[in-house]
Amino acid sequence: MLLMDGLVNFSRSYLPDRRGGQMDAPLVLTSRIDPNEVDKEAHNVDVLFQYPLAFYEATLKYANAKDIVKIMDTVSGRLGTPAQYEGFGIHP
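Residues numbered from 1 in each chain as written. Predicted model: local features only at pLDDT ≥ 70, side-chain atom pairs only at ≥ 80, totals over all residues. Heavy atoms only, no water.

Colleague: Help me understand the overall build of the protein in this model?
Modeller: Scanning the protein from terminus to terminus reveals 4 helices and 0 strands. Ordering the α and β elements of the protein from the N terminus gives α-α-α-α. Buried residues in the protein amount to 18% of all 92 residues. Intrachain contacts of the protein at a sequence separation of at least 6 include 60% that bridge at least 24 residues. In the structure as shown, the protein presents an accessible area of about 8000 Å², 57% of it carried by carbon and sulfur atoms. (Helix = DSSP H or I, 4+ residues; strand = E, 2+ residues; numbered from the N terminus. Buried < 20%, exposed > 50% of the residue type's maximum accessible area, 1.4 Å probe, protein only. Contact = heavy atoms within 4.5 Å. Areas by Shrake-Rupley, 256 points an atom, 1.4 Å probe, with all protein chains shown as cover.)

Colleague: Could you clarify how one ought to interpret unusual backbone geometry in this entry?
Modeller: Peptide bonds are mostly trans, and most non-glycine residues show a negative phi. Within the chain, Y62 stands out as a residue other than glycine whose phi angle is a positive 55 degrees. Take Y62: it is sitting in the loop between α2 (53-60) and α3 (65-68). Taking the relative accessible area as the measure of exposure, Y62 reaches 75% and is therefore exposed.

Colleague: Just checking my understanding: could you explain a nonpolar patch on the surface for this structure?
Modeller: A cluster of nonpolar side chains, Y51, L53 and Y56, forms an exposed patch at the surface whose accessible area comes to about 320 Å². Examined against the element boundaries, Y51 turns out to sit in the loop between α1 (2-8) and α2. Judged by its relative accessible area of 35%, Y51 is partly exposed. (Patch = residues over 30% accessible without salt bridge, like charges linked within 9 Å, V, L, I, M, F, W, Y side chains within 5 Å. Salt bridge = Lys/Arg side-chain N within 4 Å of Asp/Glu carboxyl O.)

Colleague: How should I be thinking about the side chain of H43 in this particular structure?
Modeller: With respect to the secondary-structure elements, H43 resides in the loop between α1 and α2. The buried category is assigned to H43, whose relative accessible area is 6%. Filtering out sequence-adjacent residues up to four positions away, H43 remains in contact with P35, N36, V38, T74, V75, S76 and L79.

Colleague: Could you clarify how one ought to interpret the pattern of salt bridges in this entry?
Modeller: A side chain with one charge may pair with a side chain of the opposite charge, provided their charged atoms come close. The final tally for this structure, using the stated rule, is 1 salt bridge. Note that R78 is salt-bridged to D73, the shortest N-O span being 2.8 Å. On the basis of relative accessibility, which here comes to 24%, the residue D73 falls in the partly exposed class.

Colleague: Help me understand the packing of aromatic side chains, please; the structure alone is not making it clear to me.
Modeller: Aromatic rings considered in pairs are described by the distance between their centres and by the relative angle of their planes. Per the stated rule, a full pass over the model turns up 3 aromatic pairs. Seen from their ring centres, Y51 and F55 are 4.7 Å apart, and the 35 degrees between their planes marks the pair as tilted. By relative accessible area, which is 18% here, F55 ends up buried. Arranged with centres 6.2 Å apart and planes meeting at 70 degrees, the rings of Y51 and Y56 form a pair that is edge-to-face. In this structure an aromatic cluster arises from ring pairing among Y51, F55 and Y56. (Phe/Tyr/Trp six-rings, centres within 6.5 Å; stacked < 30°, edge-to-face > 60°.)

Structure follows, in structure tokens:
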């Protein structure tokens, strides 16, 4: 279904001809996603099913996010392992 969306709903005639008009357009469709090629911002997404108590305690102390990331399971910590493709705590 996602493949059909890219094929049916995409047309260059709908894209703006101004600067940035084709930046987010699906100009290339691929059947394999390499997590190392995804934008670095996406690597900071946590993939926990439940947050640990230490996370909530740190939020009460207004801890720096760089200190909290050590107790979190993020995409960047899974790169290069089989876990980079499965077991994400993200529910539809």
